[in-house]
Amino acid sequence: MRFKKVLLVGNPNVGKSALFSRLTSAKVIISNYPGSTVEFTEGRIQIGDETISVIDVPGTYSMTPDTKAEEVALKMVDKETLIVNVVDATNLERNLNLTLQLKEAGLPIIIALNMWDDTKHRGITIDTEALEKGLGVPVVPTCGLTGEGVKRLIERFEEASPGRAHVIPESERWKNIGNIVSNAQKLTHKHHTFLETLEDMSIRPLSGAIFAVIMLFLSFTAVRTIAETLINYVFNPIFDLIWLPVMKWLSAVLGADSFLHSLLIGNLINGKIDFEMSFGMLTTGLYIQLAAILPYIFSFYLILSLLEDLGYLPRLAVLVDNIMHKIGLHGYAIIPVILSLGCKVPGIMATRILEGRREKFIASALVAMAVPCMSQIAMIIGLVGERGGQYLAIVFGTLFSLIIIKGLILNKFLKGTSPEILVEIPPYRMPHFPSVARKVWIRVLGYLKDAVPYVLLGVLIVNLLYMSRMIDAIAGVFSPLITKLWGLPKEAVGSLLIGVLRKDVAVALLAPLNLTNKQLVIGATVLAIYFPCIATFVVLLREMGPKDMLKITGLMILVATLVGMGLNILM
Amino acid sequence: MKKLNLTELKIGQTGKVVDMPDGNEFLKKIHSMGIIPGREIKKLGAIFGRGPQTVQVGATRIAIGYGLARKITVQVDE
């Protein structure tokens, strides 16, 4: 084989990932390219005795490198690279623009005419021989969902040959495309399918809004149901039946008063290990990460990936674009916000999809401060809700107003403007489950690698602070703030400190303090705002860099102080 | 024959792109998505209050921010 490397190149939403899974065997690695944070999926195909690496390049509309990913992808091309251009058969015209650009660059290409099965019900007939002749490159109809045509595609790899590099003006290129398409494609009118009717519905303002509410409600319900089922029937039993005996043994070996016991196992609650309250690295540290958060991360990513592959997210972005613009963001920023309602770690990571630094900053700041995560929301509802719905309304109303007010302020005072939305609205398509599974796996793995070690470290540090009595000194410093400005008892400082690790546990720790309704509202609200939890802190640092992370954290402390004071005066 | 910008086009109306400025990043992306002078463009929808405009070019549907849509001139038969 002449080629040692295959790049899968194509427009966004053409089923590239599904085809990638079909081409490569199960083993897929995610790698960062040297000197950049751009991630690619890389897999291998076995052809005879040879192994060829296949790289899934992020979707692009043109050859000009708009994004870092495209730039890096172009640099990977060498003499032994074959370009498999994945083309959406239901949208030949636009897809061929990229194809002709690849040809103009003189690269050896072969076309996978994907979504082939979709052409029939859309009333499209394509003469592949005419297309092959018109383009002068091999064309193989494929279907990523079923794997149809993939074998044939690999068989014809050798037929691709490099051409002469030349430049054609854009208008000329579109004229060529027009000629090629009119020779190779016939369209017949077809009635709307059910999915197409839904497509129309979901972009109109009114029906779209109703549709969005239903979709979001279903998504949240699904996320909670899946996560809670996993927690109750998988993770809790694993911890109780397998891990608890190990920890009991370790606890007995170390002896309850030893230094290592305090670090690893933590405090015994009523003489027993309590995974939620003991606060040892191997007890609470592991339990919270693996049994309490991981199921949420998994189910969030599962639902998100399904919505993504279905093609719904751009529609939602268009609907909310208007509102988001007022607070300095564009429609796409709704995605980090939604994700953060589950957990801020993936939420802040999702700000990567936003274009500019300004937008990333605004989105991260809003999310870190005013969007409580799922477990915290549950705890607030449980504790504050007991005292009456009006108190819940104050807590969430305050947080919601904060998003608006802060967005308006940041939008006004940060330099620059928020960019305009420009996004393709892809047709709805049935998600391809193996690609969804792969995406979820990659994202969950990312969470395990990026968040878990830091939280364990955080638990260690807090334990050391407690043991060295440093915590009392810190409490002494902060108690005037808490008692004078916020009207909370001095003991609430413990809750604030724990909140750095786990905000939901921190809310729970307010319960035994016998707070008045007012104090409870202030405590719950301030806990949501005052500081990022350790995992959020770490992603902020990684995604935004130390300077912006400090700015956001500073802002959070300031706003929490003001909001706590405000509530204390007003209520 | 009448010249309008995309935001003035009625929903369901089809026009021909006659003019759009070039140069910036966004316009380059718009071009590569298939919106170029000479092509037919159909307005599918608009979100009220200066929201994004949804259009169809060929088989592609694209949502374009209001400010950007205002810079694209189309010609319609009256």
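Structure: see above.
In this text, all values refer to a predicted model and were calculated from it rather than measured experimentally.

Thresholds, definitions, all that
- Residues numbered from 1 in each chain as written.
- Chains lettered and ligands numbered in written order.
- Predicted model: local features only at pLDDT ≥ 70, side-chain atom pairs only at ≥ 80, totals over all residues.
- Heavy atoms only, no water.
- Buried < 20%, exposed > 50% of the residue type's maximum accessible area, 1.4 Å probe, protein only.
- Helix = DSSP H or I, 4+ residues; strand = E, 2+ residues; numbered from the N terminus.
- Contact = heavy atoms within 4.5 Å.
- Buried area = accessible area lost by both parts, 1.4 Å probe.
- Salt bridge = Lys/Arg side-chain N within 4 Å of Asp/Glu carboxyl O.
- Core = buried A, V, L, I, M, F, W, Y, C linked by side-chain atoms within 4.5 Å.
- Pairing = 2+ DSSP bridges.
- Axes fitted to C-alpha atoms, helices over the stretch in contact; angles between N-to-C directions.
- Phe/Tyr/Trp six-rings, centres within 6.5 Å; stacked < 30°, edge-to-face > 60°.
- Expected span 1.5 Å × (residues − 1).

(A) Focus on helix H8 (residues 194–201) of chain A. All buried positions along H8(A) are accounted for by Glu196(A), Leu198(A), Glu199(A) and Asp200(A). Close packing links the buried residues of H8(A) with helix H9 (205–254) and helix H12 (313–326) of chain A together with strand E5 (60–64) of chain B.

(B) Representation of the interface of chain B and chain A within the structure. Counting from both sides, the interface comprises 30 residues of chain B and, opposite them, 27 residues of chain A. Of the roughly 2,600 Å² buried where chain B meets chain A, counting both sides, 58% is carbon and sulfur surface. Summed over the three residues of chain B that lose the most area to chain A, namely Ser32(B), Ile47(B) and Arg61(B), the buried surface amounts to 24% of that side. Connecting chain B to chain A are one salt bridge.

(C) The pattern of salt bridges, seen in detail. All names here are of chain A. By the definition in use, this model includes 21 salt bridges over all chains. Ionic pairing is found between Lys-16 and Asp-56, a salt bridge with its closest N-O pair at 2.7 Å. With Lys-16 in helix H1 (residues 16–23) and Asp-56 in strand E4 (residues 50–56), this pair connects stretches of sequence that are 40 residues apart. The exposure classification of Lys-16 matches that of Asp-56, with both residues buried. Taking the shortest distance from any N to any O, the salt bridge between Glu-155 and Lys-151 comes out at 3.8 Å. One end of the pair is Glu-155 and the other is Lys-151, both in helix H6 (residues 150–155) and four residues apart, which spans about a single turn. Accessibility expressed as a relative area gives 49% for Glu-155, which makes it partly exposed. For Lys-151, a relative accessible area of 65% translates into the label exposed. Residues participating in the shared-partner salt-bridge network are Asp-88, Asp-118, Arg-122 and Arg-429.

(D) Spatial organisation of the side chain of Ser305(A). Mapped onto the fold, Ser305(A) is located in helix H11 (residues 281–310). Not counting residues up to four positions away in its chain, the partners in contact with Ser305(A) are Val436(A), Lys439(A), Val440(A) and Arg443(A).

(E) Molecular detail of the nonpolar core. All names here are of chain A. Judged by nonpolar contacts, the single largest core of 127 residues is most densely connected at Tyr-312, Leu-329, Val-384, Ile-529 and Ile-552. Of all the elements, H11 adds the most residues to this core, at 15 residues. Sequence-distant contacts of Leu-329, that is, excluding residues within four places in its chain, are made with Met-324, Glu-359, Ile-362, Ala-363, Leu-366 and Ser-418. Core analysis: the second largest hydrophobic core is formed by 34 residues, Leu-135, Trp-174, Ile-180 and Ala-184 among them.

(F) Just the sheet that holds strand E3 (residues 40–46) of chain B, in detail. Pairing within the open sheet is antiparallel, and its seven strands lie in the order E10(A)-E5(B)-E4(B)-E3(B)-E2(B)-E6(B)-E1(B). Two strands lie at the open edges of the sheet, namely strand E10 (422–424) of chain A together with strand E1 (2–5) of chain B, each paired on one side alone. Each neighbouring strand pair of the sheet contributes to a mean axis angle of 40°, computed without reference to strand direction. By the bridge criterion, five bridges tie strand E4 (residues 53–57) of chain B to E5(B) in an arrangement that is antiparallel. Bridging across to E5(B), Val55(B) finds its partner in Ile62(B).

(G) Focus on the packing of aromatic side chains. Residues and elements named next belong to chain A. All told, the structure shown has seven aromatic pairs over all chains when counted by the stated rule. When the ring of Phe-275 is compared with that of Tyr-287, the centres are 5.4 Å apart and the planes differ by 5°; the resulting orientation is stacked. Here the residue Phe-275 occupies a position in the loop between helix H10 (259–264) and H11, and Tyr-287 occupies one in helix H11, the gap between them amounting to 12 residues. By relative accessible area, which is 7% here, Tyr-287 ends up buried. Ring plane angle 20° and centroid distance 5.8 Å describe the contact between Phe-531 and Phe-537, whose orientation is recorded as stacked. Looking at Phe-537, the relative accessible area reads 24%, which means it is partly exposed.

(H) Looking closely at the environment of Gly49(B). On the secondary structure map, Gly49(B) appears in the loop between E3 and E4. Sequence separation of Gly49(B) and Tyr66(B) is 17 residues, and the distance between their C-alpha atoms is 9.4 Å.

(I) Region of the structure containing helix H23 (residues 517–529) of chain A. Residues and elements named next belong to chain A. The terminal C-alpha atoms of H23, which comprises 13 residues, lie 19 Å apart, in line with the 18 Å expected from a rise of 1.5 Å per residue. Counting buried positions along H23 yields 11 of 13 residues, so the element is predominantly enclosed. Of all the positions in H23, only Gln-519, Leu-520, Val-521, Ile-522, Gly-523, Ala-524, Thr-525, Val-526, Leu-527, Ala-528 and Ile-529 are classed as buried.

(J) Quick look at unusual backbone geometry. Residue and element names in this part refer to chain A. Look at Met-115: it is not a glycine, yet its phi comes out positive at around 65°. Within the element layout of this structure, Met-115 appears in the loop between strand E6 (109–114) and helix H4 (116–121). On the basis of relative accessible area, Met-115 is assigned to the buried category, the value being 12%. Even without a glycine there, the phi angle at Asn-270 is positive, about 50°. Take Asn-270: it is sitting in the loop between H10 and H11.

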